[in-house]
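One letter stands for each residue in the lines below.
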Amino acid sequence: MGRKVTLAACTLNQWALDFEGNLKRILQSINLARAHGATYRLGPELEIPGYGCNDHFLESDTLLHSFQVLSVLLKSPVAKDIICDVGMPIMHRNVRYNCRVIFLNGKILLIRPKMTLANDANYREGRWFTKWNKPKQTEEYFLPRMIAEITGQDTVPFGDGVISTLDTCVGSEICEELFSVDGPHISMALDGVEIITNASGSHHQLRKLNTRVDYVTDATTKAGGIYIYANMRGCDGERVYYDGCSMIAVNGHVVAQGAQFSLQEVEVVTATIDLEEVRSHRGSTPTFGSSATAYTKSYPRIKVDFALSHGDDISIPSADPIEVQYHSPEEEISLGPACWLWDYLRRSGQAGFFLPLSGGIDSSSTACIVSSMCHLVCLAVKNGDQQVLEDCRRIINDK
């Protein structure tokens, strides 16, 4: 019947400027997505260099090494027959953008730059990047020679376009665009885009997950559609902690959710969804049709001779709505800082923390958070996480 698609949202614990390690984790996530039958793999924001590179984004080496990682991904057999959506910085006409690079079988389909930058609270994206100010427009991007030699392409589309496969249409948002007043997900839906992706680098803040879930579900409640949200995890050198919890939603209901606080470096959330659910939802909403026909300017469509759906999908069950898992505020206060402490410890090369105890509320609370970190480490080792065990042995110098 060819209507069911399996999609993957990947949560990665990337390190700023750890290009080799980041590549390893990206390849692992693609491999896991393929093992689950996914035909579209979405990773978090700026996953190739890491989100927290700060002023290193201004260095040409960061762009160069990002392209070197991309070249390996383009050539890798792991990325065969699955559309891969990865994040990296790219300079176009001497302007630096925060981009998604979408490719399939060694060919780049589209480079999609971020259109709304995060410039409040902990974020200063405007210091390093420029937002794309040309909605529903694409331009020619001349590929670096190292990439052109692999893809056989001199230029690729760069800008606000969508991917049109043989069976559906996919559009991209990047992090802040979901939270903005005029986010593009509604205009994409009205233009026939059925799958909307969002690659994010969203840090943990008390009860912030509730807001994310509300926005993700609201994005597809009125206009229908499938929403894939992939978020970063870990402390990549910043003072903040990215808390993961990638998810997939359909027509206003979450059907798959990842862990919010975890020491796992690579987590892949997948869901199989019937495209007919989207079409039925939109077809039964009278205001959708009248609003859609009023749109006069369509998104540039990049056509690709590839189907996301399975050839014989009768026996494949579709994902059902799930109850979203939220932590209590007390659990968030315990788990968020504990995860940050573990990441800071294993990346700093130190042997542990020095914890002065005065008996007051500050030192007592800190001791509780350190205890929470230790419990998380022991639980991860008990559950067979070899990376956590390896890090733990290295930190305490005891094999």
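This text follows the structure it describes.
Worth saying up front: this structure is predicted, and the values here are computed from it rather than measured.

Our next topic: the sheet that holds strand S17 (residues 301–303). Spatially, 7 strands are ordered S15-S14-S11-S10-S9-S8-S17 in an open sheet, and the strand pairing comes out mixed. Two strands lie at the open edges of the sheet, namely strand S15 (253–257) and S17, each paired on one side alone. Shown here is a sheet whose adjacent strand axes are inclined to one another by a mean of 20 degrees, direction ignored. Across 4 bridges, strand S14 (residues 247–250) lies against S15 in antiparallel orientation.

This paragraph deals with helix H9 (residues 329–348). Between its terminal C-alpha atoms H9 stretches 28 Å, which fits the 28 Å expected from 20 residues at 1.5 Å a residue. All of the buried residues along H9 are Glu-332, Leu-335, Gly-336, Ala-338, Cys-339, Leu-341, Trp-342, Asp-343, Leu-345, Arg-346 and Arg-347. Looking at the packing, one finds that the buried side of H9 touches strand S12 (233–234), helix H10 (361–382) and helix H11 (386–396). Remark: Gly-349 follows H9 within two positions and exhibits a positive phi of approximately 80 degrees.

Okay, the nonpolar core next. One finds Leu-70, Leu-73, Ile-90, Phe-103, Ile-108 and Ile-111 to be the most contacted residues of the largest nonpolar core, which totals 37 residues. In contact with Ile-108, other than residues within four places in its own chain, are Leu-70, Leu-74, Val-101, Ile-102, Phe-103, Leu-143, Ile-147, Thr-151, Gln-153 and Val-156. The next biggest cluster of nonpolar side chains, apart from the first, holds 30 residues, and it includes Leu-42, Val-278, Ile-302 and Phe-306.

Attention now moves to the pairing of strand S10 (residues 195–200). Sheet faces and side chains relate simply in a regular strand, where the side chains alternate between the two faces. In terms of burial, S10 is a largely internal element, 6 of the 6 residues being buried. In S10, alternate side chains face the same way, and those of Ile-195, Thr-197 and Ala-199 on one face and Ile-196, Asn-198 and Ser-200 on the other are all buried. By the bridge criterion, 5 bridges tie strand S9 (residues 169–174) to S10 in an arrangement that is parallel. Paired with Glu-173 across the two strands is Asn-198, which belongs to S10.

So, on to the pattern of salt bridges. Should their charged atoms come close, side chains of opposite charge can pair. For the structure on display, the rule yields 24 salt bridges. Lys-114 is paired through a salt bridge with Glu-45; the nearest N and O atoms lie 2.7 Å apart. Pair noted here: Lys-114 is in the loop between strand S5 (107–113) and strand S6 (138–142) and Glu-45 is in the loop between strand S2 (40–42) and helix H2 (60–75), with a separation of 69 residues, a long-range link. Owing to a relative accessible area of 0%, Glu-45 belongs among the buried residues under this scheme. For Arg-100, the salt bridge is made with Asp-85, and the minimal N-O distance between the two is 2.8 Å. Of this pair, Arg-100 sits in strand S4 (residues 95–104) while Asp-85 sits in strand S3 (residues 83–92); the two residues are 15 residues apart in sequence, bridging distant segments of the chain. Comparing Arg-100 with Asp-85, the two get one shared label, buried.

Take the pairing of strand S16 (residues 266–274) next. Within S16, 8 of the 9 residues are buried, leaving the element largely enclosed by the surrounding structure. Sheet topology note: the strand S1 (residues 4–12)/S16 ladder contains 9 bridges and is antiparallel. Paired with Thr-6 across the strands is Thr-272, a residue of S16.

The rules behind each value
Residues numbered from 1 in each chain as written. Predicted model: local features only at pLDDT ≥ 70, side-chain atom pairs only at ≥ 80, totals over all residues. Heavy atoms only, no water. Pairing = 2+ DSSP bridges. Helix = DSSP H or I, 4+ residues; strand = E, 2+ residues; numbered from the N terminus. Axes fitted to C-alpha atoms, helices over the stretch in contact; angles between N-to-C directions. Expected span 1.5 Å × (residues − 1). Buried < 20%, exposed > 50% of the residue type's maximum accessible area, 1.4 Å probe, protein only. Contact = heavy atoms within 4.5 Å. Core = buried A, V, L, I, M, F, W, Y, C linked by side-chain atoms within 4.5 Å. Salt bridge = Lys/Arg side-chain N within 4 Å of Asp/Glu carboxyl O.

Nothing here speaks to function; it is all geometry.
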